[in-house]
Amino acid sequence: MVDTDRTVSTRRDVLAATGVGLLVSVAGCTGNGDAPADDGGNGTEDGSNRGTDDGNEETGDSNGEANLGKPVAFPEDVSCPVCNMMPAEYPKWNAQLAHTNGDRAFFDTSGCLAAYTAYTDRFGGPDADLEAAWVTGFETGDLLRASDAYFVRVTDPDHVDDVMMRNPTPFADRGDAEAFVEEFDAYGDGDIITFEDFDKDLAMFYRERFIQGDGGMDGDMDMDGGDMNTNDS
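Source: prediction; values computed, not measured.

1. A few points about the overall build of the protein chain
The number of helices and strands found in the protein chain is 3 helices and 9 strands. Of the regular secondary structure in the protein chain, the N- to C-terminal order runs β-β-β-β-α-β-β-β-β-α-β-α. The long-range fraction of contacts in the protein chain, counting pairs at least 24 apart against all pairs at least 6 apart in sequence, stands at 66%. As displayed, the protein chain offers around 10400 Å² of accessible surface, 42% of which is attributable to carbon and sulfur atoms.

Have a look at this one:
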């Protein structure tokens, strides 16, 4: 039986530290300098300056260029291409990616990232390969390289206090993901996945209404649709 009385809330809140204005073009973000190499996982409330797994969070130069192998500050005026929410307003959950042509996309949650990576054309993405992606660690609040993270296929909105109710929940290492899985009878080792497992089935499970074109943010969001096999270990 699913233990819906237990909601995991072990994450640190991201503390307000500095305010950074940021103007973003389609191809990237502009700003001044790198964030501190180690800020202990703390940063601004809007998520514009957070610790990352690979050291720095860049904002690029005056020409809108940035190292595509590193994340950039979340711009305050750019919306998620999947759900149209503002990623900068959700520093506990947001994610981002960079394409090889320099285009970047920002998401309020890892579930929207999953939808975009599987249906890039559907959400206005370029005809260019993915260079790198980052997600916010569930327990740390830091940006993690998606290819290094482990995700739990959360199926019950009562299991996390998630802004989009259900998302593939990111962890920095497999041990942390396993500890989360052990909290609930609903999950098993087979529900621990990696970024390579972000396919169309996963995308449809989490964001079907947006992929199908009827998922506007109207204040009455129904995330109960979809099905996914769990406990397949």
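2. Things to note about the pattern of salt bridges
Evaluation of the coordinates by the stated rule reveals 2 salt bridges. The salt bridge partner of Arg153 is Asp191, with a shortest N-O separation of 3.2 Å. Highlighted residues: Arg153 in strand β7 (residues 150–153) and Asp191 in the loop between α2 (174–182) and β9 (192–193), separated in sequence by 38 residues. The same class applies to Arg153 as to Asp191, namely buried. Residue Arg174 is joined to Glu178 by a salt bridge in which the shortest nitrogen-to-oxygen separation is 3.1 Å.

3. Focus on the sheet that holds β9
The sheet built from 3 strands is open, its strands ordered β8-β7-β9 with antiparallel pairing. Where the open sheet ends on each side, the last strands, each with one partner, are β8 (168–171) and β9. With respect to the sheet, α2 is in contact with β7, β8 and β9, its orientation differing from that of β7 by roughly 15°.

4. Observations regarding empty space enclosed by the protein
Counted according to the given criterion, the structure contains 1 cavity of 30 Å³ or more. Volume-wise, the largest cavity comes out at about 50 Å³. Of all the elements, β8 adds the most residues to the lining of the largest cavity, at 3 residues. When grouped by side-chain class, the residues that make up the lining of the largest cavity number 3 nonpolar, 5 polar and 2 charged.

5. As for unusual backbone geometry
Even without glycine at this site, Asn84 takes up a positive phi of about 75°. Turning to its location among the elements, Asn84 is positioned in the loop between β2 (28–29) and β3 (95–99). A relative accessible area of 56% means that Asn84 is categorised as exposed. The phi angle at Met165 is positive, at roughly 75°, despite the residue not being glycine. Mapped onto the secondary structure, Met165 falls in the loop between β7 and β8. Exposure remark for Met165: the relative accessible area of 28% places this residue in the partly exposed category.

6. Regarding the sheet that holds strand β5 (residues 130–136)
One open sheet accounts for 4 strands, arranged β4-β3-β5-β6; its pairing is antiparallel. Strands at the two margins of the open sheet, each flanked by one partner only, are β4 (104–107) and β6 (143–145). For this sheet the average axis-to-axis angle between neighbouring strands, irrespective of direction, equals 20°. Contacts between helix α1 (residues 110–118) and the sheet are confined to β3, β4 and β5, with β3 contributing the most and set at about 25° to the helix.

7. Focus: the packing of α1 against helix α3 (residues 200–211)
Between α1 and α3, whose axes approach to 8 Å, the crossing angle comes to 100°. Classified by the angle between their axes, α1 and α3 sit roughly perpendicular to one another. Contacts between α1 and α3 pair Gly111, Cys112, Ala114, Ala115 and Ala118 from the former with Lys200, Leu202, Ala203, Arg207 and Ile211 from the latter. Across the contact of α1 with α3, the residue classes tally to 7 nonpolar, 1 polar and 2 charged.

8. Describing the side chain of Asp108
With respect to the helices and strands, Asp108 occurs in the loop between β4 and α1. At 5.5 Å, Arg207 is the nearest oppositely charged side chain to Asp108, a buried residue that forms no salt bridge. Residues contacting Asp108, with those up to four places away along its chain left out, are Cys80, Cys83, Met85, Pro87, Tyr90, Trp93, Asn94, Val163 and Met164.

Cut-offs and rules
Residues numbered from 1 in each chain as written. Predicted model: local features only at pLDDT ≥ 70, side-chain atom pairs only at ≥ 80, totals over all residues. Heavy atoms only, no water. Helix = DSSP H or I, 4+ residues; strand = E, 2+ residues; numbered from the N terminus. Contact = heavy atoms within 4.5 Å. Areas by Shrake-Rupley, 256 points an atom, 1.4 Å probe, with all protein chains shown as cover. Salt bridge = Lys/Arg side-chain N within 4 Å of Asp/Glu carboxyl O. Buried < 20%, exposed > 50% of the residue type's maximum accessible area, 1.4 Å probe, protein only. Pairing = 2+ DSSP bridges. Axes fitted to C-alpha atoms, helices over the stretch in contact; angles between N-to-C directions. 1 Å grid on protein atoms, 1.4 Å probe; cavity = no way out; pocket = protein on both sides within 12 Å on 5 of 7 lines; lining within 4 Å. Points joined across faces, edges and corners; volume = space filled by probe spheres on them. Nonpolar A, V, L, I, M, F, W, Y, C, P; charged D, E, K, R; others polar. Parallel < 35°, antiparallel > 145°, perpendicular 65-115°, else oblique. Lys, Arg positive; Asp, Glu negative; His and termini not counted.

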